[in-house]
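Structural overview
Listed below are the residues making up each chain.
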Amino acid sequence: MPNSFLESIYKQLSEYINVSAVSLWLMNEHGFKKRASIGTEIDYNEELTFIRDTYVAPSVKIKDKCLGISLAGNFNLSIIIFIQASKNLTPEIAKIAKDVCSHYRYLTQEVTYHDETDDLSVSTSRAIAITNLLDQIKSCDDVLKDHNTIALIARTINNITQTLNLIIVHYDAAKDLVDACYYQDEFDESRFPFKVEQALVDGSVSAFIVKFGKTLRGNSEDIAMDLGVNPNQMYGTHASDLIGVPIKYGDQVFGAIIVQSYEKNSRFDEYVAATISSIANMLGNKVQNEESSKELNKIIQNRTNELREKNIVLTKTIDELKRTKENLVKSESQVYIADILWNIVHYLNTPISNAKSNLLITSSSLSGLIDDIEQLEKPVEPHVLQDILNNCYLSEASLGKASDVLNQINKLATRPSDVKIEEFSIDSLFEELKINFSEQLNEQDLQLEGKEFTQKVTGPKQIIMNVLTPLIQNSIDHCHLKVGSLKIKVAVEIAENKLKIEMQDNGIGIDESMKNHLFEPFSTSAALTGSLGLGLFTSHYLITQVLGGNIEIDHDSAEGVRFNVQIPLVQSTN
């Protein structure tokens, strides 16, 4: 696939410039890797240096005859296209090349890196995946019967374990019956549902886990002997490594998660067992809450019927109970969101601190090494210094991406008391926005409509910038799905001591499935580009909770997406 779409890019660009080379580079936690190239061979180290600079740049890097364009396969993989021409390139050609490459974004989902490790980016991606899974688990009803949630759990575990052998089961203690919520196995066919007592005789791992609520780990033959079962009579094909974790709350078992590997002498890493245990704990707590809720609802219903039969009017009390319940749900939701944000920051802060320390050590080592070079009898190999420098560059790039995530999350910590009031003009505000997006937008792509807004107003300028930035970025992130260039028109009106902003783009509009979830945290249709899904949620939070304003989406917009924002101003002066 990489060569075929490189040839397509090569052919299309040749209509505008004399292309000499096109190559495909990948970057994830392992470093930079050249996957494919066509045309003239370029010096590898020179090309790598340019690719590294492109990765740090917002989207496009142009220098003399070289051009680099960043795409994305998923949130853990960056894809960079390198183009070299026979003559120096212009910004106009760079824009054409970016549009051409953008048409192939859907193909980049098929490009993989083919390496494995466990460092900053993997840990961050895993933390985000688990956070998204937690969000899905907490939001659904009857979690072990919700197909979408079970499918998401399976995908998350498959990505972490890198195995297709996964079983998720539900245990009905009243019926002594175990049934599969999800079943995938390379060798054995499903024998669910089954009675626990008979399955114990047959040596079923699932039966032992749900019966005794214990975690099983290791070679299946060793597990069989530990359980007092003849390995030759054990239920199913023997696995070289197996992790079986009960889904339970206290002593009550609701099911189990089992992963196994049939590869000879293979063994899952410890973080796999820890992650599966965490997911099982999430499910156990959720099922227990559901059981408690069902019991509570049953008690409430019985009590309501009794009160109705006795014709006792308790409307006021019932209303009070409803308000209390709503406040509890709201409070739980706020604590839950705060817990998610705290965990993300926690996962990022430690590796960032470690990376900073490594940078200082590496830089110090490099400085000392350079000072001693002249005293060495044997010359130092150039690749030694280059490897040290590459580590510095990679650490710096990873820290930059992690810092961007922290900065986005940090905006959600803004409180009304943190708002700084200052005097500014609308013109100056939009000039700053244009500068901030100059790498992604041309001057004419972001247009301020209406009369000159040179008069001074007094209000929360920085918070307004933090509000508008995700809205503009949202338009940019989705415009690549539509042929043609992006246009963002902004109409501003100052009336009734309010700043009224109407922002309209010419993108693809809003997907039907997202219309009711646009302002929810971690809700995004652009996960493959690395989006956390916090942009619109951040804007909504700052406008409504911090500034006391309002934001709406015009679902009837004829083209693209239209946002209507109202933000209170302190005062307006000429």
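Residues numbered from 1 in each chain as written. Predicted model: local features only at pLDDT ≥ 70, side-chain atom pairs only at ≥ 80, totals over all residues. Heavy atoms only, no water.

This part covers helix 5 (residues 147-161). Under the 1.5 Å per step criterion, the end-to-end length of helix 5 is 21 Å for 15 residues, consistent within 8% with the ideal 21 Å. If you check which residues of helix 5 are buried, you get Thr-149, Ile-150, Ile-153, Ala-154, Thr-156, Ile-157, Asn-158, Ile-160 and Thr-161. Two residues or fewer after helix 5 comes Gln-162, characterised by a positive phi angle close to 55 degrees. (Helix = DSSP H or I, 4+ residues; strand = E, 2+ residues; numbered from the N terminus. Expected span 1.5 Å × (residues − 1). Buried < 20%, exposed > 50% of the residue type's maximum accessible area, 1.4 Å probe, protein only.)

Turning next to the sheet that holds strand 17 (residues 550-553). The five strands are arranged 13-15-16-18-17 in an open sheet whose pairing can be described as mixed. For this open sheet the edge positions go to strand 13 (446-449) and strand 17, each flanked by a neighbour on one side alone. Between one strand and the next, the sheet's axes are offset by a mean angle of 15 degrees, whatever the strand orientation. The pairing of strand 15 (residues 488-495) with strand 16 (residues 498-505) spans eight bridges and is classified as antiparallel. The residue of strand 16 that forms the bridge with Glu-493 is Lys-500. Its contacts with the sheet put helix 12 (residues 426-436) on strand 13, strand 15 and strand 16, and the angle it makes with strand 13 is roughly 170 degrees. (Pairing = 2+ DSSP bridges. Axes fitted to C-alpha atoms, helices over the stretch in contact; angles between N-to-C directions. Contact = heavy atoms within 4.5 Å.)

So, about empty space enclosed by the protein. Using the criterion set out here, one finds one cavity of 30 Å³ or more in the structure. By volume, the largest cavity amounts to about 40 Å³. Surrounding the largest cavity, Ala-21, Val-22, Ser-23, Lys-34, Ser-37, Ile-38, Thr-40, Glu-41, Ile-42, Glu-47 and Phe-82 form its lining. When contributions to the lining of the largest cavity are tallied by element, the ones reaching two or more residues are strand 1 (19-28) and strand 2 (31-39). (1 Å grid on protein atoms, 1.4 Å probe; cavity = no way out; pocket = protein on both sides within 12 Å on 5 of 7 lines; lining within 4 Å. Points joined across faces, edges and corners; volume = space filled by probe spheres on them.)

Residues Leu-433, Leu-468 and Ile-472 are the most contacted members of the largest nonpolar core, which totals 38 residues. Broken down by secondary-structure element, the contributors of at least two residues to this core are helix 12, helix 13 (461-479), strand 15, strand 16, helix 14 (535-546), strand 17 and strand 18 (562-568). In terms of residue count, helix 13 provides more of this core than any other element does, eight residues in total. If near-sequence neighbours (up to four positions away) are discounted, Leu-468 is found in contact with Leu-429, Phe-430, Leu-433, Ile-501 and Met-503. Ile-137, Ile-247, Val-259 and Ile-279 belong to the second-largest nonpolar core, a separate cluster that totals 28 residues. (Core = buried A, V, L, I, M, F, W, Y, C linked by side-chain atoms within 4.5 Å.)

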